[in-house]
Amino acid sequence: MRKYAFSLAARRLVASALVAATLVAFASDGAKGALKWHPADDWRDMPDTVASPYARKGGTIRMYGGSPPKSLCEYTDNNTYTRMTFSLMYESLITTDTDTLEFAPYLARRWAESEDGREFTFVLDERAKWSDGVPVTAADVKWTFDTVMAPATDSGPWKVILGVFESPEIVDERTIVFRKKGDSPKNWRDLSQCGTFYVLPKHAFEGKDFNKLDLLDAPVSGPYRLSRVDEQVETEFSRVPTWWRANFPSCRSVCNFDKLVMRYYADSANAFEAFKKKAIDVYPVYTARIMNGETHGEKFDKNWIVKRRVKNHNPIGFQGFAMNMRRWPFDDIRVRKAMAMLVDRETMNRTMMFNEYFLLSSFYADLYDDAHPCGNAFYGYNVEEAGRLLSEAGFAKNPKTGKLEKDGRQFRFTFLSRSPSEDKFLSLFNAALLQLGIDMSIQRKDFAGWMRDMDEFNFEMTWQSWGSSIFKNPETMWLSSEADRKGSNNTVGFKSDEVDAIIAAEKSMETMKERTDAYRRIDKLVTDQVPYAFLWQTDETRILYWNKFGTPDTVLSRYSNEECVFSYWWYDADKAEELDAAMKSGRCLPSVPLNIDFDKVMSKKK
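Residues numbered from 1 in each chain as written. Predicted model: local features only at pLDDT ≥ 70, side-chain atom pairs only at ≥ 80, totals over all residues. Heavy atoms only, no water.

1. Comments concerning the overall build of the protein
Each helix and strand counted, the protein has 20 helices and 26 strands in total. Over its C-alpha trace the protein gives a radius of gyration of 25 Å, about what one expects of a compact globule, namely 25 Å for 606 residues. Seen through its principal axes, the protein has C-alpha atoms that stretch 80 × 70 × 50 Å. Every one of the 606 residues in the protein was classed for burial, and the buried ones make up 59%. Contacts in the protein between residues far apart in sequence, at least 24 positions, make up 74% of those at least 6 positions apart. Per element, the accessible surface of the protein, about 24,100 Å² overall, is 49% carbon and sulfur. (Helix = DSSP H or I, 4+ residues; strand = E, 2+ residues; numbered from the N terminus. Rg over C-alpha atoms; globule rule 2.2 N^0.38 Å. Buried < 20%, exposed > 50% of the residue type's maximum accessible area, 1.4 Å probe, protein only. Contact = heavy atoms within 4.5 Å. Areas by Shrake-Rupley, 256 points an atom, 1.4 Å probe, with all protein chains shown as cover.)

This is the structure we're talking about:
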């Protein structure tokens, strides 16, 4: 979390990539056992620079949570909403300060690294307690690690992240040591990887099926506990009044709501209708049509519902039509390039999304600027060139059926969809496919079913979106060995010896500049293989909410999107009363700025 040392949003940001800055200096007197402890002696927990001093505790906030997750445990369910809510309940040994990007204490009050970078020692804060009053101990840390790494646990990418370490050694009740396996070289991520995984209570979960953990009313170390579950409808989290960090300076104006409710809708359009009826309070807008074409009328014009566009430093992810490179015909790069050319992104953006997006040509769009322009190939809409590539790949139209074939096998594939909102885009895509004699069928599944198929690589093509992080970790998505491990992020089956070599070398690079150059090289190599037909992205967060909440001046934090609402916003009883009165009388509420630039707001505050 942040300097807060604290912001739940920042904690999620770092945890999602499990990486952190290497701005911390370590001892180098030639002895492996001579450790320099951190943080520095003059480190002090300070108030969060984003949190508002006007924040008050109390009230409930209801947010749209997407499709119902298959689990509420982030270890066994790798999706955004599970990660967001899981981080409300459980904490890690250390975190990062989102102002300085340096490590900061969390469950551990101090830590150290051996000179050779192969041993990491953590001393737990003696104040750290589970919500049932039981102290957090080194045994909890070891049990969590061992259980996540157990073969029977479906912990996906976490096995890669933690797999470089031996089972940690308990020194005493509050001290634990992690050691790297074998003779692998020093890796700048190691401290983050062993320090930022979520620690769970051994006394509550030992002996239970970890793949089916029941978190309802379970002991937590974080500010919220799971208090109610209505299957497929909503989940509720209640603030823990005895949270051990509640009175820390960094935590006095964060985690303000008494109740957090995640309400699930399989379709975003249905969620928007529910929002307008006040069934949910906050609606993050990921559809340009809604932001531009459907935010008019009395509720919006009279400021009963507030509209905000926030530009901050939230890392830019990517999305596209993922192609399973393990399967015919997408095992041929010419076919994949052709598919990229048959997605008329320009028309989709102009006619369906109000030109709100920029078209992607990179997996790491935030690594490029005027000084470092992106040189990746850009695939524009070109049916003729797509047809030429398919001909080069050996496909030709059957003169009797008009269908595209190769060696008597018709070019047909199934698009795995999880939302009706995809249909209008797929319709335009399908029109281009039909021009060349390609048949595409659409198979619709709910989110849980879609996730199961993705974990098993049981798809041919699908729409897939990925978030990003300040610190990139290409290993979990692009390492060749990950292409064969079920449940990994390498869903497309990408393999490259050259990329593997850069990933291996990147681990020992000491500076951010070196690593950024490496990520750009990886980006170019992966993009050249076209595992995704790129779509588009935005560099701002669009959010709607009923006008009954207080927000920081910046609305969101430096590196987060709507996920930080739970951390920084608060229920304003006076505003709620004014809203009710305005809706009854039909009067307007005061307006607020639509556009928020984080840097400009913070500059004025300073």
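2. Quick look at the sheet that holds strand β13 (residues 318–323)
The strand order across the open sheet built from five strands is β19-β18-β20-β13-β21, with neighbouring strands paired in mixed fashion. If you trace the sheet from one side to the other, it starts and ends with β19 (439–444) and β21 (532–534), each paired once. Within the sheet, the average angular offset between the axes of one strand and its neighbour, ignoring direction, is 30 degrees. Across two bridges, strand β18 (residues 412–417) lies against strand β20 (residues 461–466) in parallel orientation. (Pairing = 2+ DSSP bridges. Axes fitted to C-alpha atoms, helices over the stretch in contact; angles between N-to-C directions.)

3. With respect to helix α20 (residues 598–605)
When we look at burial in α20, the residues that qualify are Phe598, Val601 and Met602. Summarising the axial view, the buried residues of α20 lie within an arc of 95 degrees, below the 170-degree limit, and thus occupy one face. Relative to its buried face, α20 has exposed residues pointing more than 90 degrees away, namely Lys600, Ser603 and Lys604. The elements touched by buried residues of α20 are β12 (305–311) and β26 (595–597). (Arc of directions from axis to C-beta.)

4. Observations regarding helix α16 (residues 497–506)
Within α16 the residues assigned to the buried category are Val499, Asp500, Ile502, Ile503 and Glu506. All buried residues of α16 fall inside an arc of 165 degrees around its axis, so they share one side. Facing away from the buried side of α16 by more than 90 degrees, the exposed set consists of Asp497 and Glu498. Those residues of α16 that are buried are in contact with α15 (475–478) and α17 (512–529). Measuring from the backbone nitrogen of Glu498 back to the side-chain oxygen at the start of α16 gives 3.4 Å, which picks out Ser496 as the cap. (Polar contact = N/O pair within 3.5 Å; in protein donor to acceptor, adjacent residues only side chain to side chain.)

5. Focus on the packing of aromatic side chains
In total, this model carries 48 aromatic pairs according to the counting rule given. Between Trp158 and Tyr198, the aromatic rings sit 6.1 Å apart at their centres with planes inclined by 55 degrees, giving tilted as the arrangement. Placement of the pair is Trp158 in helix α4 (residues 158–162) and Tyr198 in the loop between α5 (190–195) and α6 (202–205), with a sequence separation of 40 residues. One exposure class covers both Trp158 and Tyr198, and it is buried. When the ring of Trp244 is compared with that of Phe248, the centres are 5.6 Å apart and the planes differ by 80 degrees; the resulting orientation is edge-to-face. Residue Trp244 shares its accessibility class with Phe248, and that shared class is buried. Among the aromatic residues, those joined into a cluster by ring pairs are Tyr75, Phe86, Tyr90, Trp130, Trp143, Trp158, Tyr198 and Phe210. When the ring centre of Trp244 is taken as reference, the NZ or CZ atom of Arg245 above it lies at 5.5 Å. (Phe/Tyr/Trp six-rings, centres within 6.5 Å; stacked < 30°, edge-to-face > 60°. Lys NZ or Arg CZ within 6 Å of the ring centre and 35° of its normal.)

6. Regarding the side chain of Ser417
In this structure, Ser417 sits in strand β18. Looking at Ser417, the relative accessible area reads 0%, which means it is buried. For Ser417, the side chain forms a polar contact with the side chain of Glu422, separated by 2.7 Å. Engagement of the side chain of Ser417 in a polar contact is seen with the side chain of Arg444, the distance being 3.1 Å. When near neighbours in sequence (up to four residues on either side) are disregarded, Ser417 contacts Glu422, Ile442, Gln443, Arg444 and Lys445.

7. Quick notes on the sheet that holds strand β5 (residues 119–124)
If you trace the four strands from one edge of the open sheet to the other, you get β4-β5-β7-β6, paired in antiparallel fashion. This sheet does not close on itself; its edge strands, each paired only once, are β4 (108–113) and β6 (169–172). This sheet shows a mean twist of 20 degrees between the axes of neighbouring strands, independent of strand direction. Here five bridges tie β4 to β5, and the two strands are oriented antiparallel to one another. For Arg110, the partnering residue across the bridge sits in β5 and is Val123.

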